[in-house]
Amino acid sequence: MHISEGVLTVPVLAGGGVLTVIGTAIGIKNMNYEKIMSTSLLTATFFVATLIHVPVGPGSVHLVLGGLLGILLGWACFPAILTALLLQALLFQYGGIYVLGVNTINMAVPALLCYYLVKPWLKQQGKKQSIASFAGGFLSVFLSTLMIATTLWISDTGFLRAAQATMAIHLPMMFIEGIITMFIVSFLAKVQPEFLTITDQ
Amino acid sequence: MKNSLFFLITAVIFIPGLPINSHAHKINVFAYVENQTIFCEAVFSGGRPAQKAPVQIMDTKTRATLATGKTDTNGHYNIAVSSIKNSRNSIEVIVQTDDGHRNSWTLAPKDYLDNTIHQPPHSGTEQNSPDAVPIKNIILGLFCIFSIAGGVHLLSSKKRKRQ
């Protein structure tokens, strides 16, 4: 899900950087500072999720949990994902510094979209909450995959080839993410329901 | 408060001497020369071979493409040294998959122009096991995240008290 250094063109990198700065600024402004520790726990979860690999065909994919961050944090997912990706780039050499903006956008924007799509049903109990959280996890990976393909296309890599490659590899991951997000949200709703109200000021 | 936040984030993250020696999900590339043939191995973390991944061999000085190809189902690619067109500079074996994963290995002239079998070249971008993820880097990352959160919480508490 991370694009490596040296793949994208400079205009794409610059555009991604600018959009990330804007999104992060809005995220910091809208962040609920009284629940910063809950936010940091979710950031830490996102940070270590990449270490969980799922072999798929010729390669392997890793958990992302961007959907979980998006539906629980809202706009605050921007600084959370940026922080986690920066630390991954520095400590794991995963992705890169120059491509940080693009990688952040590719994960945070779908996460944010899922927040707006799923939020109305998240606070409801039972099946609606489960379906909503599954949809959030699934859609987040699906949209991120599309954005990665679009990013590669803009950088003169064939869109169809990039879309096919990324979609094929991440299709199983979409379902896995949806299921994991559903279980995590259900668990949090039972034991720590305040996690579902992080975005409430 | 927000200026302090940006400063705090920058100060905590860019702690001097952060160890950058770990490997997570990415493509690992290893190349060596044996019997006048350049062998390339491309593997994703977790050990799975990068199948049918595009390979490009490039002159590091002129940036000219010397050869192209694709890895096989085992993630291997090999090419005779004689196929590389008249290069006397270091060459870079680049593997880039369609989904944005990219990595490379550099071979010095003495590595591929000599007739003997060499030890793995020193200038590569990857070392040792591709699966190594030092626990200390994970702990350091978590420490950074919680430090930032703690700092932000402290600053926001102070601001609330002042108000």
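Here the structure is a predicted model, which means the values were calculated and not measured.

J.: Just to check I follow, could you spell out the state of the cysteines for this structure?
T.: Per the stated rule, a full pass over the model turns up 0 disulfides over all chains. The cysteine A:Cys114 is free of any disulfide, with A:Cys77 supplying the nearest cysteine sulfur at 9.6 Å.

J.: What's the story with the sheet that holds strand 4 (residues 65-70) of chain B in this structure? I'm lost.
T.: Whenever strands of a sheet pair, they do so through backbone hydrogen bonds, lying parallel or antiparallel. Residues and elements named next belong to chain B. Strands sit in the order 4-3-6-7 across an open sheet of 4 strands; the sheet is antiparallel. With one partner strand each, in any of the chains shown, strand 4 and strand 7 (102-107) form the two edges of the open sheet. Taken pair by pair, the neighbouring strands of this sheet meet at an average axis angle of 20°, ignoring direction. Taken together, the 5 bridges between strand 3 (residues 54-59) and strand 6 (residues 91-96) define a ladder with antiparallel strand orientation. Bridging across to strand 6, Asp59 finds its partner in Ile91.

J.: Just checking my understanding: could you explain the nonpolar core for this structure?
T.: A general tendency of soluble globular proteins is for nonpolar side chains to be buried together. Counting 57 residues, the largest nonpolar core has A:Leu42, A:Phe46, A:Leu69, A:Leu72, A:Leu73, A:Cys77 and A:Ile81 as the members making the most contacts within it. Listed by contribution, the elements that provide at least two residues to this core are helix 2 (36-49), helix 3 (66-73), helix 4 (77-92), helix 5 (100-122) and helix 7 (159-191) of chain A together with helix 3 (135-162) of chain B. Residue contributions to this core peak at 11 residues, all from helix 4 of chain A. Residues contacting A:Cys77, with those up to four places away along its chain left out, are A:Leu69, A:Gly70, A:Ala108, A:Ala111 and A:Leu112. In this structure, B:Ala31, B:Ala42, B:Val81 and B:Ile91 belong to the second largest nonpolar core, which totals 24 residues.

J.: I'm lost on the packing of aromatic side chains in this one. Help?
T.: How two aromatic rings sit relative to each other is given by the distance of their centres and the angle of their planes. Counting across every chain of the model gives 8 aromatic pairs over all chains. With a centroid separation of 5.0 Å and an interplanar angle of 70°, the aromatic rings of A:Tyr115 and A:Tyr116 are classed as edge-to-face. For the pair B:Tyr32 and B:Phe39, a centre-to-centre distance of 5.3 Å together with 15° between the ring planes defines the contact as stacked. An aromatic cluster is present here, built from B:Phe30, B:Tyr32, B:Phe39 and B:Trp105 joined pairwise through their rings.

Definitions and limits used
- Positions within a chain are numbered from 1, following the residues in the order the chain's sequence is written.
- Going through the entries in the order they are written, you letter the chains from A and number the ligands from 1.
- Thresholds applied to this predicted model are a pLDDT of at least 70 for local features of residues and 80 or more for the giving and counting of side-chain atom pairs; totals over whole chains, interfaces and linings are not thresholded and use all residues.
- Hydrogens and water are ignored here; the side-chain numbers use all heavy atoms of the structure.
- The rule for a disulfide is simple: a pair of cysteine sulfur atoms within 2.5 Å.
- Should DSSP find at least two bridges between two strands, the strands are taken to pair.
- Helix and strand labels come from DSSP, where a helix needs a run of H or I of at least four residues and a strand needs a run of E of at least two; each type is numbered from the N terminus.
- In this analysis an axis means a line fitted to C-alpha atoms, helices contributing only their contacting stretch, and an angle means the value between N-to-C directions, from 0 to 180 degrees.
- Residues grouped as a nonpolar core are buried Ala, Val, Leu, Ile, Met, Phe, Trp, Tyr and Cys residues, joined through side-chain atoms within 4.5 Å.
- The rule is simple: take the accessible area with a 1.4 Å probe, protein chains only, and divide by the maximum for that residue type; under 20% is buried, over 50% is exposed, in between is partly exposed.
- Any two residues having at least one pair of non-hydrogen atoms within 4.5 Å are treated as being in contact.
- Ring geometry is summarised as follows: Phe, Tyr and Trp rings, the Trp one being its six-membered ring, pair when their centres sit within 6.5 Å, and such pairs are stacked at plane angles under 30 degrees, edge-to-face over 60 and tilted between the two.

Geometry only, nothing functional implied.
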